[in-house]
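This is what each chain is made of:
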Amino acid sequence: MSLKNKHMNTKYFSVGFILLMSMIIFSCGKNFLDEPPRTVTIEDLLSNPQDGAQRLTAAVYSKLYDWDVHTFSWIGISSITSDDADKGSIDGDAGTDKVLLDNWAFDANSISFNEAWSGNFDGIGRVAYGLQFMEDINLPQSEKDRYIGELKMLRAYFYWNLVRMYGGVPKIDRVLETKEDIALGSVRASAAEIYAFIEADCQEAIAKLPPVIPSEELGRVSKYTAYALLAKVYLYQKRWAESKSMCDAIINSNKFFLLADYDKI
């Protein structure tokens with residue numbers, strides 16, 4: 001190595017060392033590792049009513065995006081088991097039990113049903129917390145009623161998924177805190193009890209939710225979302241007249257229309 005290169009290496013090393021030490025000293029002086037906790041507590045939610053109510057409700061809506069509610073497992077259970085879809089690909093790919101679902105060869109160990117169970121009950125648990133703390137949030141009753149209506153509509157939807165897969169399931173209508181409450185998680189209600197629970201939630205949602213959602217709030221459930229779900233719930237129980245009355249309420253509202261192009265659905 002030439003003398004010139006040695007001097008250049010020494011120079012660069014010295015400059016780099018000075019910069020490194022400056023960063024260490026500067027960083028230590030700023031205590032950059034002393035980050036305050038960034039969690040949100042229940043007290044935070046209750047002390048900021050509007051933000052708190054939105055967060056409690058959004059936590060339930062966000063569950064609809066989760067893998068164990070509306071993605072591959074649910075597609076497997078609801079579409080691949082029917083004539084709507086085939087699994088595709090090859091048997092040994094990452095679809096796990098999807099070829100079993102396609103062939104109606106699944107059993108109690110199938111991962112899709114386990115994921116759908118935990119995902120929908122997670123949503124129901126979030127609703128329970130939302131309803132419990134919503135009562136303590138200082139909001140006008142009309143605003144609070146809307147949030148309660150949304151939460152109950154979403155709980156009805158999670159239970160609608162579960163009752164179609166399993167029939168009777170545990171009925172969780174509150175936060176499970178005591179030993180007696182937690183024991184409810186092991187008690188299977190009948191399918192008829194779950195249907196009645198879904199209907200009651202939908203009816204309360206119809207009473208509390210607005211008929212129209214403003215354009216800036218599209219995606220939130222409305223009164224007619226609850227009518228539509230209740231129409232399906234009645235339909236699956238062969239309660240034809242009641243199902244028709246729910247559909248008539250939607251049609252006669254003149255707030256909705258059929259898409260001209262099927263492929264836009």
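Read on for a plain summary of the structure. It should be emphasised that the depicted structure is a prediction, and the values quoted were computed from it without experimental measurement.

1. Examining helix 5 (residues 72-80)
Inference 1: Those residues of helix 5 not exposed but buried are Ser73, Trp74, Gly76, Ile77 and Ile80.
Inference 2: Looking at the buried side of helix 5, the elements it contacts are helix 4 (67-70), helix 6 (98-102), helix 7 (111-134) and helix 8 (141-166).

2. Some thoughts on the packing of helix 8 against helix 10 (residues 191-208)
Inference 1: Axis separation between helix 8 and helix 10 bottoms out at 8 Å; the angle between their running directions is 155 degrees. If you check the angle between helix 8 and helix 10, you find them roughly antiparallel. As helix 8 packs across helix 10, the resulting crossing turns out to be left-handed. Residue-level contacts link Asp145, Arg146, Ile148, Gly149, Lys152, Met153, Arg155, Ala156, Tyr159, Trp160 and Val163 of helix 8 to Ala191, Ile194, Tyr195, Phe197, Ile198, Asp201, Cys202, Glu204, Ala205 and Lys208 of helix 10.
Inference 2: Class assignment for the residues of the contact of helix 8 with helix 10 results in 13 nonpolar, one polar and seven charged.

3. Some remarks on the pattern of salt bridges
Inference 1: With the rule as written, the count across this model stands at 20 salt bridges.
Inference 2: A salt bridge links Glu217 to Arg220; its shortest N-O distance comes to 3.4 Å.
Inference 3: Because the salt bridges share partners, they merge into one network encompassing Lys63, Asp66, Asp68, Asp122 and Arg126.

4. Points about the nonpolar core
Inference 1: By size, the foremost hydrophobic cluster in this structure holds 54 residues, and its most contacted members are Met134, Tyr159 and Ile198.
Inference 2: Taken together, the elements giving at least two residues each to this core come down to helix 3 (49-63), helix 5, helix 7, helix 8, helix 10, helix 11 (223-236) and helix 12 (240-252).
Inference 3: At 12 residues, the largest contribution of residues to this core is made by helix 8.

5. Overview of the side chain of Asp68
Inference 1: Checked against the element boundaries, Asp68 lands in helix 4.
Inference 2: Residue class for Asp68 comes out buried when judged on its relative accessible area of 18%.
Inference 3: Residues within four places of Asp68 in sequence aside, it is in contact with Lys63, Glu115, Ala116, Ser118 and Gly119.

What counts, and where the lines are drawn
- Residues numbered from 1 in each chain as written.
- Predicted model: local features only at pLDDT ≥ 70, side-chain atom pairs only at ≥ 80, totals over all residues.
- Heavy atoms only, no water.
- Buried < 20%, exposed > 50% of the residue type's maximum accessible area, 1.4 Å probe, protein only.
- Helix = DSSP H or I, 4+ residues; strand = E, 2+ residues; numbered from the N terminus.
- Contact = heavy atoms within 4.5 Å.
- Axes fitted to C-alpha atoms, helices over the stretch in contact; angles between N-to-C directions.
- Parallel < 35°, antiparallel > 145°, perpendicular 65-115°, else oblique.
- Left-handed = near helix turned anticlockwise from the far one by under 90°.
- Nonpolar A, V, L, I, M, F, W, Y, C, P; charged D, E, K, R; others polar.
- Salt bridge = Lys/Arg side-chain N within 4 Å of Asp/Glu carboxyl O.
- Core = buried A, V, L, I, M, F, W, Y, C linked by side-chain atoms within 4.5 Å.

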